[in-house]
Amino acid sequence: RRSAMPLRERSPGGPVEAGQDAVAALAEPDGPNRCLSLLPWDRFSAWLHCVCVVGFDLELGQAVEVIYPPHSKLSDKEKTNICYLSFPDSNSGCLGDTQFCFRFRRSPGRKVSLCCFLDQLDRDLPVYLKKDPAYYYGYVYFRQVRDKSLKRGYFQKSLVLISKLPYVHLFRTMLKQIAPEYFEKSEAFLEAVCSDVDRWPPPIPGKILHLPIMGIIMKLRIPTYRDKPGTTPIVQNIHQADAQISVALPTVHEVDLFRCFCPVFFHIQMLWELVLLGEPLVVMAPSPSESSETVLALVSCISPLKYCSDFRPYFTIHDSEFKEYTTRTQAPPSVILGVTNPFFAKTLQHWPHIIRIGDIKLPGDVPKQVKVKKLKNLKTLDSKPGVYTSYKPYLNKDEEIVKQLQKGVQQKRPTEAQSVILRRYFLELTESFIIPLERYVASLMPLQKCISPWKSPPQLRQFSQDDFMKTLEKAGPQLTSGLKGDWIGLYRHFLKSPNFDGWFRSRQKEMTQKLEALHLEALCNENLVFWSQKHTEVETVDLVLKLKNKLLQADREQLPVKTDTLKKLQTHINDIILALPDDLQDILLKTGTT
């Protein structure tokens, strides 16, 4: 957190503009904002924490050989996790090049550099793309090829990008461009790659960004929370006059949904329910690329809702949370795990829902109808693909989406088009489910007439499950969805889930901040100087200190307040202070906060 400067020295634009100055300084190191002294690698840190090279040592096993930039901090626990998660399990038999991703817990207590300014950008992201400060993503390009000159007979190495950002498609594309060349050229090439990233503009949502990387330019747009869900503005691939090759990315974060769900095609609606309810799920797959893509597809199927539990696209027996997540002394946690080691078929036998994925291939034939299998039939990782669970879905099956996708397979519709259909289906299902909750929670907001400048902002009314259930009869999901089934039962189950808890806390925070912002506006519309003339000096000083704290709160919590409102409040404060005796003026002008 930044230290508070005296308010008379504050940037007149208020908190949002101050944050934008820092962003502008990152974007233009020699621009007018250079007074915000930037450290080397600050622009790099906006995108990546570091780049690692993990190799195989006959004595040590997997080991981190290189961390770049060299000053990057990783704890021993983080390094161990990166080592084991950067290599496929030996049984996967991944010869050649393999790409996948993993997610692991950050060690607590690390200081952040100037990039905390970029948290302001986080505010403009859709909720499901916001950074989770407790986790890092690892994006892996693994190469395993025969090499008789090595004792082991194989060259095995992984290039790994460590980032807080969930931009799977962007980093996958980047690795495809740089990893093959890195394996040929080694360290100096890695340094050049990182220098390129350190020249990138900040990851500003809603802008078309041009990111140069080793002779090509990646063009992309990061979504904003203002985008209509389900729409992706197209980034046009315009021919570059300077002859640099440019690659337009259709998305920064999405995976190929249809390809991932094809092996469990007939159960997509049941899987949507399981993810929505935060049920413990394990994906057993033949390789980390299949496990990681399937886990990411599951997490994204409830978008625009954020999946609030933990998820691990690739999880190994060496993971620091292995014991915590596989213990039989308590019920399995709300988490989605992607695994490839046959050992998990035994270790996770007690888990209630298991998805077994075979090799993911592009579907040429219409998938055959597969029944939900009983858990006791799952003996090993070699068991047939399918969903093993005794879960009974709350909603009746939507046969229409299955027919639509089957028809697409028969007509050889491109997998991208199939994914668009599937993504729209999930979006409409999630929106039908969440709109009644949004409508009810909006009714908990106090009326604007209840906001008085001279009293604390009013509290939100309590969420009542019974009151919400009563609204469903007239304003339930039936208004937007034709699906029949036990919607009430689904809501009751959802209200006990981590996804509801996360969604409701987020809404609570938004509405509380809105109330604070309306309270600030109400204060601005009062004649505060006139009020101070009718009150004692002690009361006036108390008001000034409270108003200064309000401004600091607006900055600290990024309240949704207009810049003009903040300027007006600052003017009120200055006018009140100037009407006071000189000695009090001096003290109050020096006081930033109480």
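So, here is what we can say about the structure in this document. Model, not experiment: these values are computed from the prediction.

Right, let's get into the environment of alanine 179. Among the secondary structure elements, alanine 179 is positioned in helix H5 (residues 168-185). With relative accessibility at 0%, the residue alanine 179 sits in the buried group. In sequence terms alanine 179 and tyrosine 141 are 38 residues apart; their C-alpha atoms lie 6.6 Å from each other. With residues near it in sequence (within four places) discarded, alanine 179 still touches Tyr141 and Leu159.

Applying the stated criterion across every chain yields a total of 23 salt bridges. Between glutamate 321 and arginine 105 there is a salt bridge; the shortest N-O distance is 3.6 Å. Taken as a pair, glutamate 321 in the loop between strand E10 (310-312) and helix H10 (322-326) and arginine 105 in strand E3 (residues 96-105) lie far apart in primary sequence, 216 residues in all. A salt bridge links glutamate 254 to arginine 423; the shortest N-O distance between them is 3.6 Å. Of this pair, glutamate 254 sits in the loop between strand E8 (245-248) and helix H7 (257-261) while arginine 423 sits in helix H13 (residues 415-442), and the two are 169 residues apart along the sequence. What makes arginine 423 partly exposed here is its relative accessible area of 23%. Through salt bridges with shared partners, one network takes in Arg103, Arg105, Asp132, Asp310, Arg312, Asp319, Glu321 and Glu324.

Judged by nonpolar contacts, the single largest core of 113 residues is most densely connected at Trp47, Met174, Phe261 and Leu437. Broken down by element, the residue count for this core peaks at 10 residues, all from H13. In this structure methionine 174 touches Leu48, Leu161, Val193, Val197, Trp200, Ile213 and Met218, once residues within four positions along its chain are discounted. In this structure, Leu528, Ala554, Val561 and Leu584 belong to the second largest nonpolar core, which totals 23 residues.

Counted at 1.5 Å a residue, the expected span for helix H19 (residues 563-578) with its 16 residues is 22 Å, and the 23 Å between its end C-alpha atoms agrees. If you check which residues of H19 are buried, you get Thr565, Leu566, Leu569, Gln570, His572, Ile573, Ile576 and Ile577. Around the axis of H19, the buried residues are gathered within 155 degrees of arc, so they sit on the same side. The exposed residues of H19 that point more than 90 degrees off its buried face are Asp564 and Leu578.

On the surface, Glu537, Asp582, Asp583 and Asp586 cluster together into a patch of negative charge. Sort the elements by how many residues they give to the negative patch and helix H20 (residues 582-590) lands first, with 3 residues. Here aspartate 583 shows up in helix H20.

A separate point is the sheet that holds strand E13 (residues 386-389). Ordered in space as E10-E11-E9-E12-E13, the 5 strands form an open sheet in which the pairing is mixed. Looking at which strands have only one partner, the edges of the open sheet turn out to be E10 and E13. Adjacent strand axes in the sheet meet at a mean angle of 15 degrees, parallel and antiparallel pairs treated alike. Where strand E12 (residues 353-356) and E13 come together, 4 bridges link them in antiparallel fashion. Bridging across to E13, isoleucine 355 finds its partner in valine 387. Helix H8 (residues 268-276) contacts strand E9 (281-284), strand E11 (335-339), E12 and E13 of the sheet and is inclined by roughly 50 degrees relative to E13. Against the sheet, helix H9 (residues 288-300) contacts E9, E10, E11 and E12, and its axis sits at roughly 160 degrees relative to E11.

Basis of the calculations
Residues numbered from 1 in each chain as written. Predicted model: local features only at pLDDT ≥ 70, side-chain atom pairs only at ≥ 80, totals over all residues. Heavy atoms only, no water. Helix = DSSP H or I, 4+ residues; strand = E, 2+ residues; numbered from the N terminus. Buried < 20%, exposed > 50% of the residue type's maximum accessible area, 1.4 Å probe, protein only. Contact = heavy atoms within 4.5 Å. Salt bridge = Lys/Arg side-chain N within 4 Å of Asp/Glu carboxyl O. Core = buried A, V, L, I, M, F, W, Y, C linked by side-chain atoms within 4.5 Å. Expected span 1.5 Å × (residues − 1). Arc of directions from axis to C-beta. Patch = residues over 30% accessible without salt bridge, like charges linked within 9 Å, V, L, I, M, F, W, Y side chains within 5 Å. Areas by Shrake-Rupley, 256 points an atom, 1.4 Å probe, with all protein chains shown as cover. Lys, Arg positive; Asp, Glu negative; His and termini not counted. Charge placed at Lys NZ, Arg CZ, Asp CG, Glu CD. Pairing = 2+ DSSP bridges. Axes fitted to C-alpha atoms, helices over the stretch in contact; angles between N-to-C directions.

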